[in-house]
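Each chain, letter by letter, is given below.
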Amino acid sequence: MITLKGQHIYLRALEPEDLEFVYTIENDERIWEISNTITPYSKFLIRQYLENAHQDIYEAKQLRLAICLLSSDVAVGLIDLFDFDPKNSRAGIGILIQKEEYREKGIGTEALELVINYAFKQLQLHQLYANIGVENKVSLQLFSKFGFQEIGVKKDWNKVNGVYKDEYLVQLINPKHK
């Protein structure tokens, strides 16, 4: 089981007890634009997902970790490695801090740093990438702190409320592989 510890947070594998937390996140229509979700998830499907969350990243091709506060053990968000490609040594990365009161407090910065270090050191990945809506200035700023560079714009990529929106593709090459 993976636990990555920072100064104020830790990242851990999902547990069956996270059912309500994950259910709330996956069914929050305000974030469907970010996650490309178009229909609600049932508790049954999320329970099945949590039962298989123990799978190795090499088997599942993804890793989803809960972002928890060290001070209270409360889960406040999720961070994912997805589209894991061991052949080409890369993965996508995504992050969500669930509630407004936990945003812009350094939690996302600390979580992203922990996962970047894990991806480059333990998984020995060559690169990470993220897909970020051009209007999502906070996420763009967060990823740019770590050296992610905008390498392209996907025009009219996501349809949100009947309007097509552009999305940046940002990328970070492992500095030890340059």
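Up top is the structure.
This is a predicted model, so every value here is computed, not measured. (Residues numbered from 1 in each chain as written. Predicted model: local features only at pLDDT ≥ 70, side-chain atom pairs only at ≥ 80, totals over all residues. Heavy atoms only, no water.)

Participant: Explain the overall build of the protein chain to me, and be specific about the residues and the numbers.
Facilitator: When helices and strands are counted, the protein chain shows six helices and eight strands. The order of α-helices and β-strands along the protein chain, N terminus first, is β-β-α-α-α-α-β-β-β-α-β-α-β-β. In terms of overall dimensions, the protein chain is globule-like: its C-alpha atoms have a radius of gyration of 16 Å, near the 16 Å expected for 178 residues. Dimensions of the protein chain, computed from the C-alpha atoms along their principal axes, are close to 40 × 40 × 35 Å. In the protein chain, which comprises 178 residues, the share counted as buried stands at 42%. In the protein chain, 56% of the contacts between residues at least 6 apart in sequence involve partners at least 24 apart. Carbon together with sulfur atoms contributes 49% to the accessible area of the protein chain, which is approximately 10600 Å² in total. (Helix = DSSP H or I, 4+ residues; strand = E, 2+ residues; numbered from the N terminus. Rg over C-alpha atoms; globule rule 2.2 N^0.38 Å. Buried < 20%, exposed > 50% of the residue type's maximum accessible area, 1.4 Å probe, protein only. Contact = heavy atoms within 4.5 Å. Areas by Shrake-Rupley, 256 points an atom, 1.4 Å probe, with all protein chains shown as cover.)

Participant: Any details on the packing of helix H1 (residues 19-26) against helix H3 (residues 43-51)? Residues and values, ideally.
Facilitator: It is the contact of H1 with H3, at a shortest axis distance of 10 Å, that shows an interaxial angle of 120°. One finds that H1 runs oblique with respect to H3. Helix-helix and strand crossings are classified by hand; for H1 and H3 the assignment is right-handed. Where H1 approaches H3, its residues Leu19, Glu20, Val22, Tyr23 and Glu26 are matched on the opposing element by Lys43, Ile46, Arg47 and Leu50. Class assignment of the residues belonging to the contact of H1 with H3 gives a composition of five nonpolar, no polar and four charged. (Axes fitted to C-alpha atoms, helices over the stretch in contact; angles between N-to-C directions. Parallel < 35°, antiparallel > 145°, perpendicular 65-115°, else oblique. Left-handed = near helix turned anticlockwise from the far one by under 90°. Nonpolar A, V, L, I, M, F, W, Y, C, P; charged D, E, K, R; others polar.)

Participant: Please give an account of the side chain of Glu110 that cites residues and values.
Facilitator: For Glu110, the location among the structural elements is in helix H5 (residues 107-122). No salt bridge is formed by the buried Glu110; its nearest oppositely charged neighbour, Lys5, is found at 9.7 Å. (Lys, Arg positive; Asp, Glu negative; His and termini not counted. Salt bridge = Lys/Arg side-chain N within 4 Å of Asp/Glu carboxyl O.)

Participant: I'd love a proper account of the pattern of salt bridges, names of residues and values included.
Facilitator: Throughout the structure, instances matching the rule amount to eight salt bridges. A salt bridge links Arg64 to Glu26; the nearest nitrogen and oxygen atoms lie 2.7 Å apart. In this pair, Arg64 is assigned in strand S3 (residues 63-69) and Glu26 in helix H1, connecting sequence segments 38 residues apart. Glu26 matches Arg64 in its accessibility class, with the two residues each being buried. A salt bridge links Glu167 to Lys154, with the shortest nitrogen-to-oxygen separation between them at 2.8 Å. In this pair, Glu167 is assigned in strand S8 (residues 163-173) and Lys154 in strand S7 (residues 149-160), connecting sequence segments 13 residues apart. On the accessibility criterion, Lys154 (17% relative accessible area) is buried. Taken together, the shared-partner salt bridges in this structure form one network comprising Glu26, Arg64 and Asp80.

Participant: Lay out the sheet that holds S3 in plain terms, naming residues and giving numbers.
Facilitator: Spatial ordering of the open sheet is given by S1-S2-S3-S4-S5-S6-S8-S7, a layout of eight strands whose pairing is mixed. Either end of the sheet is taken by a strand with one partner, and the two such strands are strand S1 (3-5) and S7. Across the sheet, the mean angle from the axis of one strand to that of its neighbour is 25°, orientation sign disregarded. Strands in contact with H1 are S3, strand S4 (75-85) and strand S5 (90-97); relative to S4, the strand with the most contacts, it is inclined by about 75°. (Pairing = 2+ DSSP bridges.)

Participant: Talk me through the nonpolar core; I want residue IDs and the actual numbers.
Facilitator: Leu11, Ile67, Ile79, Leu81, Leu128 and Phe143 are the most contacted members of the largest nonpolar core, which totals 37 residues. Elements that contribute at least two residues to this core include exactly strand S2 (9-13), S3, S4, S5, H5, strand S6 (127-133), helix H6 (137-145) and S8. Of all the elements, H5 adds the most residues to this core, at nine residues. When near neighbours in sequence (up to four residues on either side) are disregarded, Ile79 contacts Leu11, Leu63, Arg64, Leu65, Ile67, Gly94, Ile95, Ala111, Leu112 and Val115. The next biggest cluster of nonpolar side chains, apart from the first, holds 13 residues, and it includes Ile46, Leu50, Cys68 and Leu78. (Core = buried A, V, L, I, M, F, W, Y, C linked by side-chain atoms within 4.5 Å.)

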